[in-house]
Amino acid sequence: MPTPLARKIAELIRRNGPISVADYFAMCLADPEYGYYRTREPFGRSGDFVTSPEISQLFGEMVGVFFVHAWQAHGRPAQLNLTEIGPGRGTLMADALRTIGRLAPDMLDAAQIHLVETSERLSGVQRQTLLRYKEKIAWHEDFATTPARFTLLVANEFFDAIPIRQFINTGQGFHERTVRLGQSGELEFAMGPAGIDPSLLPARGEGARPGAIFEAAPARTAIMQTIAERLAQYGGSALTIDYGHLVSSYGDTLQALYRHEYDLPLLRPGEADLTSHVDFEALAVAAIAAGCHAHRPLTQGDFLVGLGILERAGALGAGADSLTRASIQDAVNRLAGVGAGKMGELFKVLCVSGTPLALSPFDIPTKQTGAN
Ligand code: SAH
């Protein structure tokens, strides 16, 4: 049975012709009637996936620790935005704010909280989770409308939900992948006429092979550019945490998740989550071009261990019963461990800052190479 959104997309294609993967992606997640984030509860056991902040409070706490370090390293600005893009249920921000309140109450007093969220339903959930901070919080649909001042920002599993375009090596150059109607009216992938400027293709890797796929994400780059321009002008740092690759390369990473299982991307539009891996190199290049410094990226495991997740887990477990201790240990393993089903290595953390400063747990920033 096609989903209601599959019928809507089929009708659109019947009228106007094939659509790009980017348009398909955007409709799946954000269609005003049937889009995934508009209608579904994606998180948790009954949803389709579990994100780091929903696994354990330790994750948001470590982001809180990072924010305190960063605020101090930036010279304790008297006014600051604490901004999150794509806050989901608001769990990460709640855990981070509790930690900031404990470690640096003056920082919490100075902070204004800005949540950037396009789903009305999820902003409602965030409002509930963060009720005790309601005087300090403003919601936005776009980062650009957050007030222009010093900003510390986090985006966890946000960029993977922003649409990508796909280009396939046909043997006669790269052509854009589209979605069309098959013989019996089902959605299927096809090749469109649009090409891509070869200078935008990564030189390394498997690009020369017919069938190779390159994913370009102009919408992601544009968001990073807006953030980086703000940081370069007003100061601050931004953390991007997501699954993806540190170096731009080739490969089809479009994936659908339905009830914790991989699903075919065209099978259940609007009902399955649709994402793709994040190209961290592309994001770093965009930030550098906008005048920011990109710190050397870390794996999520190194990021969390560097901020003291093991010590914090020990403190949480001390005095707890053995069942609680085991579940804390299990959470640390999932968040920071390596191997199947663990997030410590698959997930990467990119930090960009408006000024070149050393930020724990990242290295001394690499030299700027972009236009500036
Ligand atoms: N950070 C959360 C949620 C990740 S899911 C967590 O880790 O649990 C992606 C989030 O991004 C959802 O809140 C979704 O509604 C939001 N989102 C998707 N597209 C967006 C856009 N263009 N602008 C702002 N938020 C968006």
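If you're wondering where the values come from, they're calculated on a predicted model, not measured in any experiment.

Peer 1: What's the story with the overall build of the protein chain in this structure? I'm lost.
Peer 2: Scanning the protein chain for helices and strands turns up 13 helices and 17 strands. Compactness check: the protein chain gives a C-alpha radius of gyration of 21 Å against a globular reference of 21 Å for 372 residues, within 12% of the reference. For the protein chain, the spread of C-alpha atoms along the principal axes amounts to about 60 × 45 × 40 Å. Here the protein chain, with 372 residues, has 55% of them falling under the buried criterion. The contacts in the protein chain between residues at least 6 apart in sequence include a share of 77% that link residues at least 24 apart. Per element, the accessible surface of the protein chain, about 16400 Å² overall, is 53% carbon and sulfur.

Peer 1: Honestly, the confidence of the model for the protein chain in this entry has me stumped. Any pointers?
Peer 2: Close reading of the predicted structure is inappropriate where its pLDDT is low. In the predicted model, the protein chain carries a mean pLDDT of 94, and 97% of its residues have values of at least 70. For the stretch residues 364–372, pLDDT sits under 50, and the model shows 18 contacts to residues farther than four places along the chain or on other chains.

Peer 1: Which parts of the structure should I look at to understand the pairing of strand β10 (residues 236–245)?
Peer 2: Burial of β10 is extensive: nine of the ten residues sit out of reach of the surface. In this sheet, β10 lies alongside strand β5 (residues 151–156) in parallel orientation, the contact comprising six bridges. When the sheet's bridge partners are listed, Ala 155 is paired in β10 with Thr 240. One ladder, built from seven bridges, connects β10 with strand β17 (residues 347–353); its direction is antiparallel. Its bridge partner being in β17, Ala 238 is matched across the sheet by Val 352. Of the pairings in the sheet, the one linking β10 to strand β14 (residues 278–279) comprises two bridges and is parallel in character. Counted as the bridge partner of His 245 is Asp 279 from β14.

Peer 1: What am I meant to see in the site of the ligand here?
Peer 2: Near the ligand, the surroundings consist of 17 residues, among which Thr 51, Gly 86, Gly 88, Glu 117 and Asn 156 are the closest. For the ligand, an oxygen atom lies 3.0 Å from a polar atom in the backbone of Gly 88. Contact distances for the ligand include 2.4 Å between an oxygen atom and a side-chain N or O atom of Glu 117. Compared with its free state, where it exposes 580 Å², the ligand has 91% of that area covered by protein. Per-class residue counts for the shell around the ligand are eight nonpolar, six polar and three charged.

Peer 1: How should the pattern of salt bridges be read in this particular structure?
Peer 2: A side chain of one charge can pair with a side chain of the opposite charge when the charged atoms of the two come close. As enumerated under the stated definition, the model contains twelve salt bridges in all. The residue Lys 8 makes a salt bridge to Asp 31 at a minimum N-O spacing of 3.0 Å. Of this pair, Lys 8 sits in helix α1 (residues 4–16) while Asp 31 sits in the loop between α2 (21–30) and α3 (36–39), and the two are 23 residues apart along the sequence. A relative accessible area of 29% places Lys 8 in the partly exposed class. In this structure Asp 31 comes out as buried when scored by relative accessible area, which is 5%. Residue Asp 48 is joined to Arg 40 by a salt bridge in which the shortest nitrogen-to-oxygen separation is 3.4 Å. Of the two residues examined, Asp 48 and Arg 40, each falls in the buried class. Salt bridges linked by common partners bring Glu 61, Asp 95, Arg 98 and Arg 312 together as one network.

Peer 1: Mind showing me how you'd approach the side chain of Thr 151 here?
Peer 2: When you line up the elements, Thr 151 lands in strand β5. Polar contacts involving the side chain of Thr 151 include one to the side chain of Asn 81, which spans 3.5 Å. Not counting residues up to four positions away in its chain, the partners in contact with Thr 151 are Asn 81, Thr 83, Leu 231, Gly 235, Gly 236 and Ser 237.

Peer 1: Would you mind going over unusual backbone geometry with me for this structure?
Peer 2: Trans is the prevailing form of peptide bonds, just as negative phi is the prevailing case for residues other than glycine. Cis rather than trans, the peptide bond between Ser 360 and Pro 361 has omega equal to 0°. One can find Pro 361 in the segment after β17. For Arg 259, which is not a glycine, the phi torsion comes out positive at approximately 50°. Tracing the sequence through the fold places Arg 259 in the loop between β11 (255–258) and β12 (261–263).

Basis of the calculations
Residues numbered from 1 in each chain as written. Predicted model: local features only at pLDDT ≥ 70, side-chain atom pairs only at ≥ 80, totals over all residues. Heavy atoms only, no water. Helix = DSSP H or I, 4+ residues; strand = E, 2+ residues; numbered from the N terminus. Rg over C-alpha atoms; globule rule 2.2 N^0.38 Å. Buried < 20%, exposed > 50% of the residue type's maximum accessible area, 1.4 Å probe, protein only. Contact = heavy atoms within 4.5 Å. Areas by Shrake-Rupley, 256 points an atom, 1.4 Å probe, with all protein chains shown as cover. pLDDT = per-residue confidence, 0-100. Pairing = 2+ DSSP bridges. Near = heavy atom within 4 Å. Polar contact = N/O pair within 3.5 Å; in protein donor to acceptor, adjacent residues only side chain to side chain. Nonpolar A, V, L, I, M, F, W, Y, C, P; charged D, E, K, R; others polar. Salt bridge = Lys/Arg side-chain N within 4 Å of Asp/Glu carboxyl O.

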